[in-house]
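Residues per chain are reported as follows:
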Amino acid sequence: PLVFASPHSGSLYPAAMLEALCVPLIDLRRTEDAFVEELFAGAPPAGALLMAARYGRSVADLNRDPRELDPAMFEGGPPRVCGLPTARVEAGLGCLPRVAARGEGIYARLLTREEGEARLAHIHDAYHARLGEELVGLRDARGVAVLIDCHSMPSVQPGRRGLADIVLGDRFGSSCDPRLTARAEREFRDLGFTVARNAPYAGGYTTRRYGRPKRGVHALQIEINRGLYMNEREVSRLATFGALRDAIDGVIAGLIDTAAILPKV
């Protein structure tokens, strides 16, 4: 009863967006969790679901609350009611991002309200409607559902040294049964990877939204250090890619085994 989801590995960009860019496309590509859906391609053969976004995260960030909008980005006001300003929005990294990989502004013009609403409705809302439907369907059919939210993280980050190979985020134990986090950690450590929990990533909007263990839905976020498998500047696979994918197959099998013993609702 597992869904492996990759919300940030998409690489499609609408033509209207490309025409409005004032930065090179590669700067947007460098924000993607490129190839993550391929790393977890062993999920369907093992009997789990794999759901991958098609659009780049700079088009619409599926791991952000849709109310995390910057009103100053839009001509005539934002497409929807905005939530209280967050540090992410102020940094240009809301649900509809304003800045690219190097912190430079993405657009040469303001977006229209219609453009913003189209992205929210046809990308963000559609993705979460489908994901929610799959999780509820599994929970109702199996008595339990598990979401593994799959991400990658830059290997070098300002102010952070010694970043682990893998970061597991379970909202400090609140979003899933602790046996899932422990099994993922053990599988990765046994393969020789360094693992951290909830630092610097404890799980984002998706983990918070769906992780309800008492209601039979568990959510665990996995962040993979990009230096393990890709050239981050060129957004290309390294020779180590295949070995990492094979290693992750073992982690998938372990999580499936653990999901089978979780309490049903």
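For the structure itself, look to the data block above.
Residues numbered from 1 in each chain as written. Predicted model: local features only at pLDDT ≥ 70, side-chain atom pairs only at ≥ 80, totals over all residues. Heavy atoms only, no water.

Examining the packing of helix 6 (residues 178-190) against helix 8 (residues 241-259)
And then number 1: Two numbers describe how helix 6 lies on helix 8: the axes approach to 9 Å, and their chain directions differ by 155 degrees. In terms of orientation, helix 6 and helix 8 fall into the roughly antiparallel class. Crossing handedness for the pair helix 6 and helix 8: right-handed. Here Arg179, Leu180, Arg183, Ala184, Glu187 and Phe188 of helix 6 come into contact with helix 8, specifically with Ile248, Gly250, Val251, Gly254, Leu255, Asp257, Thr258 and Ala259.
And then number 2: Its residues placed into classes, the contact of helix 6 with helix 8 shows 7 nonpolar, 3 polar and 4 charged. (Axes fitted to C-alpha atoms, helices over the stretch in contact; angles between N-to-C directions. Helix = DSSP H or I, 4+ residues; strand = E, 2+ residues; numbered from the N terminus. Parallel < 35°, antiparallel > 145°, perpendicular 65-115°, else oblique. Left-handed = near helix turned anticlockwise from the far one by under 90°. Contact = heavy atoms within 4.5 Å. Nonpolar A, V, L, I, M, F, W, Y, C, P; charged D, E, K, R; others polar.)

Structural notes on helix 5 (residues 113-142)
For an α-helix the count is 3.6 residues per turn, leaving residues at separations of three or four pointing the same way.
And then number 1: Along its 30 residues, helix 5 runs 41 Å from first to last C-alpha, staying within 8% of the 44 Å computed at 1.5 Å per residue.
And then number 2: Along helix 5, the residues that are buried comprise Glu115, Gly116, Arg119, Leu120, Ile123, His124, Tyr127, His128, Leu131, Gly132, Leu135 and Leu138.
And then number 3: Positive phi appears at Gly143, one or two residues downstream of helix 5, with a value of about 85 degrees. (Expected span 1.5 Å × (residues − 1). Buried < 20%, exposed > 50% of the residue type's maximum accessible area, 1.4 Å probe, protein only.)

Focus: the side chain of Ser152
And then number 1: Mapped onto the fold, Ser152 is located in strand 5 (residues 145-153).
And then number 2: At 3.3 Å, the side chain of Ser152 forms a polar contact with the side chain of Tyr229.
And then number 3: If we skip the residues at most four places from it in the chain, Ser152 touches Glu32, Asp33, Ala34, Val36, Glu223, Ile224, Arg226 and Tyr229. (Polar contact = N/O pair within 3.5 Å; in protein donor to acceptor, adjacent residues only side chain to side chain.)

Focus on the packing of aromatic side chains
And then number 1: Evaluated as defined, the whole model comprises 4 aromatic pairs.
And then number 2: On the numbers, 6.3 Å between centres and 85 degrees between planes, the contact of Phe35 with Phe241 is edge-to-face. In this pair, Phe35 sits in the loop between helix 2 (25-29) and helix 3 (36-39) while Phe241 sits in helix 8, placing the two residues 206 residues apart along the sequence.
And then number 3: Pairing Phe188 with Phe193 gives two aromatic rings, centres 6.0 Å apart and planes at 80 degrees, and the pair type is edge-to-face.
And then number 4: Classification of Phe193 by relative accessible area gives buried; the value is 15%.
And then number 5: Grouped by ring-pair contacts, the aromatic residues Phe35, Tyr229 and Phe241 constitute a single cluster. (Phe/Tyr/Trp six-rings, centres within 6.5 Å; stacked < 30°, edge-to-face > 60°.)

Focus: the sheet that holds strand 1 (residues 2-6)
And then number 1: Spatially, the 6 strands line up as an open sheet ordered 2-1-5-8-6-7, and their pairing is mixed. If you trace the sheet from one side to the other, it starts and ends with strand 2 (49-52) and strand 7 (195-197), each paired once. Each strand axis lies, on average, 20 degrees off the axis of its neighbour in the sheet, ignoring direction.
And then number 2: Looking at chain direction, strand 6 (residues 166-169) and strand 8 (residues 217-225) are connected through 4 bridges and run antiparallel. Note that in strand 8 the partner of Gly169 across the bridge is Gln221.
And then number 3: In the packing of helix 5 onto the sheet, the strands contacted are strand 1, strand 2, strand 5 and strand 8, and the crossing angle to strand 1 comes to about 165 degrees.
And then number 4: Sitting on the sheet, helix 6 is in contact with strand 5, strand 6, strand 7 and strand 8, with an inclination near 160 degrees to strand 7. (Pairing = 2+ DSSP bridges.)

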